[in-house]
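Here is what each chain is made of, one letter per residue.
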Amino acid sequence: MTKTIRQPLLPMRRSLPFALLLLATHLAGCATAARAPAMTASATAVASLSAPEALKRNVTIGPVSGGHDTNPMWMSQVGNAEFQTALRNSLDAAGLLANGPEPGRYVLGAELQRLKQPVFGFNMKVTAVVDYHLQERTSGRRVFESEVTTPYTAELGEAFLGVERLQLANEGAIRTNIEHFIRELVESFSGTPTP
């Protein structure tokens, strides 16, 4: 009679952490940078604004800073180039962007001060803090300055993967920030108080 000796399933036990890591990587996905079209103010949000004559087609985009490139293995971020494109397209939709051969009377600068992001969660809430300043191109005199803070939450139903929800929250926070800024700028030049 032969006795069968059972060996413990060591290879399977060793591969379990690897399989879990592989599953987590698959569920997490790769981080993607915030996209300019998704950060651009919606036409409905800025179309109703009546641009004052002083601003109408008279704003040139200046330096945009504070953004960061996205590391695909970490978290979605907002890049300077994408933010600048979203800002340019938003000003154009609002009728403020100088689009002729001559630069506008005013130069707009923007600095992304903070992008407060969660590391994980079901609903991803991102808060964007941006410092905007408008100055006369010839004199350099600042005629408008504002720090705009806007939160935006991307909910679980909007995207299954956490990295995608974070990207949507980044885009939404910047989009609402730009919309708020444009409304504030127009109202400032119109002499209407901001609500």
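Structure: see above.
A.B. asks: For the pattern of salt bridges, give the residues involved together with the corresponding values.
C.D. replies: If you walk through the whole model with that rule in mind, you get six salt bridges. Note that Glu136 and Arg105 form a salt bridge whose closest N and O atoms lie 3.3 Å from each other. Highlighted residues: Glu136 in strand β3 (residues 124-136) and Arg105 in the loop between α4 (80-93) and β2 (106-116), separated in sequence by 31 residues. Using a relative accessible area of 43% as the deciding quantity, one classes Arg105 as partly exposed. In this structure, Arg142 engages Glu145 in a salt bridge whose closest nitrogen and oxygen atoms are separated by 2.7 Å. One network of salt bridges, with partners in common, ties together Arg105, Glu136 and Arg141.

A.B. asks: Quick one: what's the story with the packing of aromatic side chains, residue by residue and with numbers?
C.D. replies: Scanning all chains against the criterion turns up three aromatic pairs. Pairing Tyr106 with Phe189 gives two aromatic rings, centres 5.5 Å apart and planes at 75 degrees, and the pair type is edge-to-face. Of this pair, Tyr106 sits in strand β2 while Phe189 sits in helix α5 (residues 162-190), and the two are 83 residues apart along the sequence. In this structure Phe189 comes out as partly exposed when scored by relative accessible area, which is 23%. Within the aromatic cluster, the residues linked to one another by ring pairs are Tyr132, Phe144 and Phe181. Cation over ring: Arg175 sits above Tyr152, and NZ or CZ is 5.5 Å from the ring centre.

Definitions and cut-offs
- Residues numbered from 1 in each chain as written.
- Predicted model: local features only at pLDDT ≥ 70, side-chain atom pairs only at ≥ 80, totals over all residues.
- Heavy atoms only, no water.
- Salt bridge = Lys/Arg side-chain N within 4 Å of Asp/Glu carboxyl O.
- Helix = DSSP H or I, 4+ residues; strand = E, 2+ residues; numbered from the N terminus.
- Buried < 20%, exposed > 50% of the residue type's maximum accessible area, 1.4 Å probe, protein only.
- Phe/Tyr/Trp six-rings, centres within 6.5 Å; stacked < 30°, edge-to-face > 60°.
- Lys NZ or Arg CZ within 6 Å of the ring centre and 35° of its normal.

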